[in-house]
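A look at the structure
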Amino acid sequence: MIEVPITVSYLTTKPDYADFKVAAAKALIKKSETNILRVTGCVLIFSALILRAFFSGSFLQNVIYTIMAIVGVIVGAFFDFIARYTVRARAFTYYEANKEKFIAQITEFDEEKITFKTDRYSASIPYALFYKAYEDGRVFIIYTGIDEMKFIPKRAMNEQECEQIHNILSTKLQEKYQQEGAR
Amino acid sequence: MPTFYEGKPIEIIEQSVSSAEWASAYYTAQSSYSLIHRKEIKAGACITAALLIGSIIPSYHYRFSTVWGPACGIFITLALSAVFYFVQPNEIRQWAEKLYRSNAILALPEKITVYRDSVVIENEREQFLEYWTDFAKCIETKDAFVITGGLERSLLTIQKRGMTQEQQSRLSAHFADAFASRYQRNR
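Definitions and cut-offs
- Positions within a chain are numbered from 1, following the residues in the order the chain's sequence is written.
- As a convention, the first chain written is A and the first ligand written is 1, with the rest following in written order.
- Predicted model: local features are reported for residues with pLDDT of at least 70 only, side-chain atom pairs are reported and counted for 80 or more only, and whole-chain, interface and lining totals are derived from all residues.
- Helix and strand assignments come from DSSP, with helices taken as H or I runs of at least 4 residues and strands as E runs of at least 2, each series counted from the N terminus.
- The reference for a compact globule is 2.2 Å times residues^0.38; the radius of gyration itself is calculated from the C-alpha atoms.
- Between the buried cut of 20 or more and the exposed cut of 12 or fewer other C-beta atoms within 10 Å of a residue's own C-beta lies the partly exposed class, and all C-beta atoms are placed from the backbone.
- Any pair of residues counts as being in contact when their C-beta atoms, constructed from backbone geometry, are within 7 Å of one another.
- As a working rule, the residues Ala, Val, Leu, Ile, Met, Phe, Trp, Tyr, Cys and Pro are called nonpolar, Asp, Glu, Lys and Arg charged, and the rest polar, with Gly in that last group.
- Here a strand pair is declared whenever DSSP counts at least two bridges between the two strands.
- Where helices are involved, their axes are fitted lines through C-alpha atoms of the stretch in contact, as for all axes, and angles between N-to-C directions lie from 0 to 180°.
- Boundary definitions for the domains trace back to an automatic or database domain assignment.
- To estimate how far a helix should extend, the number of its residues minus one is multiplied by 1.5 Å.

Each helix and strand counted, chain B has five helices and eight strands in total. Listed by position from the N terminus, the elements making up chain B come as β-α-α-α-α-β-β-β-β-β-β-α-β. For a compact globule of 187 residues, the expected C-alpha radius of gyration is about 16 Å, and chain B comes in at 22 Å, more than 25% above that figure. With the C-alpha coordinates of chain B rotated into their principal frame, the extents come out at 75 × 35 × 30 Å. Sorting the 187 residues of chain B into buried and exposed places 29% on the buried side.

Before going further, it helps to spend a moment on the interface of chain A and chain B. Of the residues lining the interface, 14 residues belong to chain A; the matching set on chain B comes to 13 residues. Among the elements of the structure, strand E4 (121-126) and strand E6 (139-145) of chain A are those that each provide at least two residues to the side of chain A that touches chain B. A per-element tally of the side of chain A that touches chain B places E4(A) first, with five residues. Of the residues belonging to the side of chain A that touches chain B, the class tally is six nonpolar, four polar and four charged. Here E4(A) runs beside strand E4 (residues 126-131) of chain B; their pairing, made up of three bridges, is antiparallel. Across the sheet, A:Tyr121 pairs through a bridge with B:Phe128, a residue of E4(B).

The subject of this paragraph is the sheet that holds strand E3 (residues 118-123) of chain B. In spatial order, the strands read E1(A)-E2(A)-E3(A)-E4(A)-E4(B)-E3(B)-E2(B)-E1(B); together these eight strands make up an open sheet with antiparallel pairing. The strands lining the two open edges of the sheet, one partner per strand, are strand E1 (6-10) of chain A together with strand E1 (11-15) of chain B. Neighbour to neighbour, the strand axes of the sheet diverge by 15° on average, direction disregarded. Docked against the sheet, helix H4 (residues 159-173) of chain A engages E1 and strand E2 (105-109) of chain A, running at close to 115° with respect to E1(A).

A few words on the domain arrangement of chain B. Domain boundaries assigned for chain B yield domain 1 (11-16 + 108-179) and domain 2 (35-102). Spacing between the C-alpha centres of domain 1 of chain B and domain 2 of chain B amounts to 36 Å.

What follows concerns helix H1 (residues 14-28) of chain A. Residue and element names in this part refer to chain A. Here H1 is 15 residues long and its end C-alpha atoms lie 21 Å apart, about the 21 Å a rise of 1.5 Å per residue gives. Within the span of H1, buried status applies to Asp 16, Tyr 17, Ala 18, Asp 19, Phe 20, Lys 21, Val 22 and Ala 23. At its buried positions, H1 is contacted by helix H3 (59-97), strand E5 (132-135), E6 and strand E7 (148-153).

Laid out in structure tokens, this is it:
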């Protein structure tokens, strides 16, 4: 049973903004692309091992094979971690430099629309006009277009509200709704 | 929407931005990030590289008795210059049209009220205020004012179509004043 409206009010903190940027980056990457990176990493590692075993010779060759193996490990196993770390670091830097841009927001989920309100912005947008929505463990991201989005940190709501928002978005947006790891 | 010590609006514009207009504004914004983002500079750099490679042909031929290496280099750099000059701008415009189509709000008719220090943008679905200091840059082109880097709208375009010469001059003078060194005129 979905009780509407659900109102969430919050002030974006530095970790919120970093979580949002990480989630937005995750939403951009398709599972097939992650798999391609893993396979590429494995191929690089195995190629390096085979080359080292059968074509080992000069010092320079060994250095090249070692670099291949290291790049394979980075691409195959740690790319996700490195990308996430980089996105977080950039988000922290941006937040520190633009603190004044992050002001208190109220988001209200209604039967037909979502209302966003800040001191300077107010919008009432029907579900049909949204491009998509994405959810991970920490935030909901609501896209008005490919490159324009709004986010709501889950820390600003209780578990029941979180479940209700999840239900509303998945019901209203259907195939336009994505959840982390669910594609 | 609160506006502070603003007085009367400098201009009120009512417009609907088409996909092509938005794509053109997007391309203008992309090209103005830095000199290296301009297609002329990228293509020019490639042609310069081709000329430099061409200049080593005599010594290369003397040493290796062939000109295949520099010939390939010249071909690649000239091909790249053609890509940067002719293909990439179209790719950017197509991507911009995709962005426009993805965002239903961009197609709505909007009212833009320009104040001394801020702008209020209203359409059927949203209403917001941005200060000129929030934006990164204003580029005036023959057809529009392209304002980039806003908080709520990363690209704001004010079309000149339908404006009188006097309105255009007033807005142009205002943006030149409000954006100072961040104002650029591409005509």
